[in-house]
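Here is what each chain is made of, one letter per residue.
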Amino acid sequence: MKNLLLDIKGKIMVLTINRPNALNALNRDTLKELKEILCELEKNDQIDVIIITGSGDKAFIAGADIKEMENMTSVEAKGFALLGHEVLNRIENINKLVIASVNGFALGGGCELALACDIRFASENAKFGQPEVGLGITPGFGGTQRLPRIVGKGIALELLLSGKIINAEEAFRIGLVNKVVPNALAEAEEFAQSVISKGRFAVKQIKQLVVDGMNMDLCRALKYEAEAFALCFSTSEQKEGMSAFTEKRKPKFS
Ligand code: CAA
């Protein structure tokens, strides 16, 4: 991998976008590498949590690569957007928890990538925005769709139409990030460890229920929840979790 650093810590993989000279901007090569590693991870049963961050202390990802986009034709731009969608959809739907550890600028495609993650922790220096409108383009990696679903239509339109950059506290206030902390990576690793200590089957089901359920009507989504709830009762994790409660001890899931 030329533009990604991979670091495995037990059941956690820290995936670092590593183009510091371009503030970790997403070019085609980086997106293709991301696609490849996500395909591998989907099949990898040893990893339960993926943390995505950016190299250096200035940027998470400063957007899609403007220098690469500058001379794109419409056809090429469409291919680029579809590649971005494919990668971000994989992040959203992968059978593992994905945490964005935002350690600086998360702009344009960088903000969009963070939005596709399940949870976002921000360092105090993190900055968010969708500045595409100032470049004469619309967001192309899902920003017009995922941002309103997360922060609501009015706030999303304000950010998308102004292109303004907001700090971490403001991002927290509007619900764009879960938490603002001095060290987002440490926070992400701590949260990942606490999730790993829980029932693995239930964790995977919960992510899938929430992600899939957001695109279903409530009636269908509740049926889907009942099926998953029932399935849990055929696992050893449910037996262990509930007997640990009645025996007043901590459960041991694996
Ligand atoms: N693409 C390509 N290169 C980028 C980049 C990007 N998105 N963001 C930063 N860089 C490069 C700069 O060109 C510069 O390279 P050189 O030293 O070779 O000139 C290097 O990274 C450092 O950047 P700056 O000198 O600009 O750093 P700064 O501290 O002065 O400013 C910044 C930081 C405010 C983040 C500024 O770099 C910036 O505005 N970047 C662009 C942000 C942006 O518009 N992102 C949206 C892109 S469009 C998009 O993402 C579309 C989509 O939805 C798919």
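Residues numbered from 1 in each chain as written. Predicted model: local features only at pLDDT ≥ 70, side-chain atom pairs only at ≥ 80, totals over all residues. Heavy atoms only, no water.

Caption draft 1: Spotlight on the environment of Gln-238. Following the sequence through the fold, Gln-238 ends up in helix α11 (residues 236-246). Judged by relative accessible area, which is 15%, Gln-238 ranks as buried. For the pair Gln-238 and Pro-251, spaced 13 residues apart in the sequence, the C-alpha separation amounts to 9.9 Å. Beyond its immediate sequence surroundings of up to four residues, Gln-238 is in contact with Cys-232 and Phe-233. (Helix = DSSP H or I, 4+ residues; strand = E, 2+ residues; numbered from the N terminus. Buried < 20%, exposed > 50% of the residue type's maximum accessible area, 1.4 Å probe, protein only. Contact = heavy atoms within 4.5 Å.)

Caption draft 2: Representation of the sheet that holds strand β2 (residues 12-17) within the structure. What the 6 strands build is an open sheet, ordered β1-β2-β3-β5-β7-β10; its pairing is mixed. At either margin of the open sheet sits one strand with a lone partner, and together these are β1 (4-9) and β10 (179-181). Within this sheet the neighbouring strands show an average axis-to-axis angle of 20 degrees, counted without direction. The strands that helix α1 (residues 28-43) touches are β1, β2 and β3 (49-54); relative to β2, the one it contacts most, it runs at about 175 degrees. (Pairing = 2+ DSSP bridges. Axes fitted to C-alpha atoms, helices over the stretch in contact; angles between N-to-C directions.)

Caption draft 3: Here's a closer look at the domain arrangement of the protein. Under the domain assignment, the protein is made up of domain 1 (4-196) and domain 2 (200-246). Interface of domain 1 and domain 2: buried area, both sides summed, is about 700 Å²; carbon and sulfur atoms make up 40% of it. Our count for the contact surface shared by domain 1 and domain 2 stands at 4 salt bridges. Applying the counting criterion to the domain 1 and domain 2 interface returns 8 residue pairs in polar contact (both at pLDDT 80 or more). If you list the elements that add at least two residues to the side of domain 1 that touches domain 2, you get α3 (74-93) and β5 (97-102). At 3 residues, α3 tops the list of elements feeding residues into the side of domain 1 that touches domain 2. Its residues assigned to classes, the side of domain 1 that touches domain 2 shows 5 nonpolar, 2 polar and 5 charged. (Domains from an automatic or database assignment. Buried area = accessible area lost by both parts, 1.4 Å probe. Salt bridge = Lys/Arg side-chain N within 4 Å of Asp/Glu carboxyl O. Polar contact = N/O pair within 3.5 Å; in protein donor to acceptor, adjacent residues only side chain to side chain. Nonpolar A, V, L, I, M, F, W, Y, C, P; charged D, E, K, R; others polar.)

Caption draft 4: Summary view of the pattern of salt bridges. Scanning all chains against the criterion turns up 16 salt bridges. Glu-40 serves as the salt-bridge partner of Lys-43, at 4.0 Å between the closest nitrogen and oxygen. With Lys-43 and Glu-40 both in helix α1, this residue pair falls 3 residues apart, about one helical turn. Look at Lys-43 and you get exposed, because its relative accessible area is 64%. Take Glu-40: its relative accessible area is 47%, and that puts it in the partly exposed class. Among the ionic pairs, Asp-48 bridges to Lys-204, the shortest N-O distance being 3.9 Å. Of this pair, Asp-48 sits in the loop between α1 and β3 while Lys-204 is found in helix α9 (residues 200-213), placing the two residues 156 residues apart along the sequence. Taking relative accessible area as the criterion, Lys-204 reaches 23% and is therefore assigned partly exposed. Among the charged side chains, a network of salt bridges with common partners joins Asp-45, Asp-48, Arg-200 and Lys-204.

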